[in-house]
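Okay, here's what each chain looks like letter by letter:
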Amino acid sequence: IADPTLAEMGKNLKEAMKMLEDSQRIQNIGEQGHMALLGHSLGAYISTLDKEKLRKLTTRILSDTTLWLCRIFRYENGCAYFHEEEREGLAKICRLAIHSRYEDFVVDGFNVLYNKKPVIYLSAAARPGLGQYLCNQLGLPFPCLCRVPCNTMFGSQHQMVSFTSGLILKKNKIGRLTLSYFKTSYEATRTAAVGHTDKIGRLKELCEQYGIWLHVEGVNLATLALGYVSSSVLAATKCDSMTMTPGPWLGLPAVPAVTLYKHDDPALTLVAGLTSNKPADKLRALPLWLSLQYLGLDGIVERIKHACQLSQRLQENLKKVNYIKILVEDELSSPVVVFRFFQELPDSDPVFKAVPVPTMTPSAVGRERHSCDALNRWLGEQLKQLVPASGLTVMDLEAEGTCVRFSPLMTAAVLGTRGEDVDQLVACIESKLPVLSSTLQLREEFKQEVEATAGLLYVDDPNWPGIGVVRYEHANDDKSSLKSDPEGEKIHAGLLKKLNELESDLTFKIGPEYKSMKSCLYVGMASEDMDVAELVETIAATAREIEENSRLLENMTEVVRKGIQEAQVELQKANEERLLEEGVLRQIPVVGSVLNWFSPVQALQKGRTFNLTAGSLESTEPIYVYKAQGAGVTPPPTPSGSRTKQRLPGQKPFKRSLRGSDALSETSSVSHIEDLEKVECLSGGPEQITLEASSTEGHPGAPSPQHADQTEAFQKGVEGAESLR
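Residues numbered from 1 in each chain as written. Predicted model: local features only at pLDDT ≥ 70, side-chain atom pairs only at ≥ 80, totals over all residues. Heavy atoms only, no water.

Colleague: Quick one: what's the story with the overall build of the chain, residue by residue and with numbers?
Modeller: Across its full length, the chain carries 25 helices and 17 strands. Expressed as a percentage of the 725 residues in the chain, the buried residues total 41%. Counted over contacts in the chain with a minimum sequence separation of 6, partners at least 24 positions apart contribute 68%. (Helix = DSSP H or I, 4+ residues; strand = E, 2+ residues; numbered from the N terminus. Buried < 20%, exposed > 50% of the residue type's maximum accessible area, 1.4 Å probe, protein only. Contact = heavy atoms within 4.5 Å.)

Colleague: Please set out the nonpolar core residue by residue, giving values where relevant.
Modeller: The biggest cluster of nonpolar side chains holds 54 residues, and the ones touching the most others in it are Met-242, Trp-249 and Ile-304. For this core, the leading source of residues is helix α14 (residues 286-318), giving seven residues. Residues Leu-314, Leu-318, Cys-372 and Val-387 belong to the second largest nonpolar core, which totals 30 residues. (Core = buried A, V, L, I, M, F, W, Y, C linked by side-chain atoms within 4.5 Å.)

Colleague: Give a detailed account of unusual backbone geometry, specifying residues and quantitative values.
Modeller: Even without being glycine, Ala-254 reaches a positive phi, approximately 55°. Counting through the fold element by element, Ala-254 comes out in the loop between α11 (246-250) and β7 (257-261). For Ala-254, a relative accessible area of 42% translates into the label partly exposed. In this structure, Tyr-323 is a non-glycine residue whose phi angle is positive, near 70°. In this structure, Tyr-323 sits in the loop between α14 and β8 (324-326).

Colleague: Hey, could you go over the packing of α14 against helix α17 (residues 408-415) for me, with residue numbers and the actual values?
Modeller: For the pair α14 and α17, interaxial distance at closest approach is 9 Å and the crossing angle is 115°. The pairing of α14 with α17 is recorded here as roughly perpendicular in orientation. As for the relative orientation of α14 and α17, their crossing is right-handed in sense. Residues Arg-303, Ile-304, Ala-307, Leu-310 and Ser-311 of α14 form the contact with α17, whose own contacting residues are Pro-408, Leu-409, Ala-412 and Ala-413. For the contact of α14 with α17, the residue count by class is seven nonpolar, one polar and one charged. (Axes fitted to C-alpha atoms, helices over the stretch in contact; angles between N-to-C directions. Parallel < 35°, antiparallel > 145°, perpendicular 65-115°, else oblique. Left-handed = near helix turned anticlockwise from the far one by under 90°. Nonpolar A, V, L, I, M, F, W, Y, C, P; charged D, E, K, R; others polar.)

Colleague: Explain the side chain of Thr-402 to me, using residue names and the numbers behind them.
Modeller: Within the secondary structure layout, Thr-402 lies in strand β11 (residues 401-406). Owing to a relative accessible area of 1%, Thr-402 belongs among the buried residues under this scheme. At a separation of 3.3 Å, a polar atom in the side chain of Thr-402 contacts the side chain of Arg-377. Beyond its immediate sequence surroundings of up to four residues, Thr-402 is in contact with Arg-340, Asp-373, Asn-376, Arg-377, Val-394, Met-395 and Asp-396. (Polar contact = N/O pair within 3.5 Å; in protein donor to acceptor, adjacent residues only side chain to side chain.)

Colleague: How would you explain the sheet that holds β11 if you had to name every residue and give the values?
Modeller: Taken in spatial order, the four strands of this open sheet run β8-β9-β11-β10, and their pairing is antiparallel. Unpaired on one side and paired on the other, β8 and β10 (393-397) mark the two borders of the sheet. Taken pair by pair, the neighbouring strands of this sheet meet at an average axis angle of 40°, ignoring direction. With five bridges joining them, β10 and β11 adopt antiparallel strand pairing. Within β11, the residue paired with Val-394 across the bridge is Val-404. Sheet contacts for α14: β8, β9 (337-341) and β11; angle to β9, the most-contacted strand, approximately 30°. Contacts between helix α18 (residues 419-451) and the sheet are confined to β8, β9 and β11, with β9 contributing the most and set at about 25° to the helix. (Pairing = 2+ DSSP bridges.)

Colleague: Run through the pairing of strand β1 (residues 79-83), naming residues and quoting values.
Modeller: For β1, the tally of buried residues reaches four of five residues, placing the bulk of the element in the interior. Judged from the five bridges that link them, β1 and β7 form a sheet pairing that is antiparallel. Its bridge partner being in β7, Cys-79 is matched across the sheet by Tyr-261.

Colleague: Kindly report on the environment of Leu-375, identifying the contributing residues and their values.
Modeller: Take Leu-375: it is sitting in helix α16 (residues 362-386). When its relative accessible area of 0% is taken as the criterion, Leu-375 is described as buried. Placed 60 residues apart in sequence, Leu-375 and Val-435 show a C-alpha to C-alpha distance of 10.0 Å. Excluding anything up to four places from it in sequence, Leu-375 contacts Phe-341, Leu-436, Thr-439, Leu-440, Pro-465 and Met-525.

Now the structure itself:
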């Protein structure tokens, strides 16, 4: 098929891929990825050949690819089925098993299954929705599925064998009475998500004893290409079928999955859909055929070996890190590492040992389980952002909870993961552990402080990874309603703005409550030196101040409107009084000017001033008499929300003071606080002295001897305060 057109097509494809990679629209897939993509274009070109040439060429491509895969992965005398959907191979295998067990199924169809219902034993660790997919593809009811539970303790010597044996005996006993017994597909899948291997050899013996078809799949099947293979994985070569995904393993885009199987009847495989006479179906193997040709056996082994070495490197490093639990520690050859942060505090680290964990009730244990899941979810997201080349994923397991999964076999070929990335990942994990542990310990203290503070309501949100969620209950808050509260949203929005302006190490966000639509304040991760009491007090005082200010603004419009109306009435009355005092003659244009020239009127200018604080009208006469507004009504001082905490220079908000410092002793700290209080008292002196002087004399311009003495005393006090500082 050497043709100049193919060379030109390959050149154009390479240039197009380079343009896309330069524009950062797709990842760099390398030369082997270009070969896989070239296979799709080449397949379309080959389909235009003569039918006889096309048949010979497609048959050769299919047979060569099947032979190479069977030799690489040690699956002797096997056949291959190439498919786009990973689950499609297992569905075809189940159909082959049904045709093999039911000889009259092609003729009688479902009537054969009515009296002899099939049973599909499915691992509980299989991918979600697999059983439903199989039943939909095969036209079987859901009762045909039988889920086999896995042992909850990883590393146990009896994972699924004892469960499977008991279930098979139970089904056979029922079958003798009503159903007879039927042996069909069983997916003793490797627990691929966790990296745990079932005892496939013992399961194979059990399936041979009862005539059950055994199908396996998982990422550990890739290690069959290595020189050393564990006995549990090597037993998979004796199974009836297996499904593999060489595309992700080798970093090949748009490469189909492969299901290898052993069966001697070509007619049944044709009926089951595992083989086809259509050249287009055989051409599915062309991208993989080109990629295998390009990589060679050494290239394939090197990629798989590199992924396994990365997993072993991470597992060995994580064993030295406290507070990190590895789910499977006995499988050094596994290319998958699954770990999680756990709340137990070992005695080896004095930092976290200083904070004791209180005794918890069963309900509190469940709440802490959800809290740990949220923290592990946060840890996984942070690690994915800090080390994007690691290809981490966050997953939920039924027994263990939320975990972080490292599977370089599925991602390293595309992301280019190296050993330095693994070391960086371990360093990032160690840097996040103090924040995780302190946040978990401060949650209970935060809850108690919020419950003890008036106006605040603690919201239990198990999905939030921070120290807690709080809601401010304003005066018009309807506690029984679950609908959104516009006034509460406005208060929480202002609260968020005020807290962010403090420039603390905490992160805040607002959002709806976990069980309702009311707005809440979410407090993020915290360090061990966090002062929870100060934080809660600041939240309550700030929210209360925002509520009071919002009420003042709401009432301001009405108060100003009434004040303007009252001022207009009083000014009208003042004009009428002025007319009566001056007389009618003074209002005549010419006569009034003459009278005013001979006898000027010594009338005071009267006006009105509106006091926003007091909400009342006041006369402007003192302003014109004393040239100041000091003699008027002085508005009351605005009360502060809370007493401002004295912080050291450079200390951020919500931080505890350093304990055990050599620079400050207990005595010096007390004397330092007393000096600060003296300075505060002296700083308020001048205003009081000036007011007393002005009130006793009647005119601010005439100082008294007493005022001079007090001023001199104040100056001496300031000099003393400066010496104290």
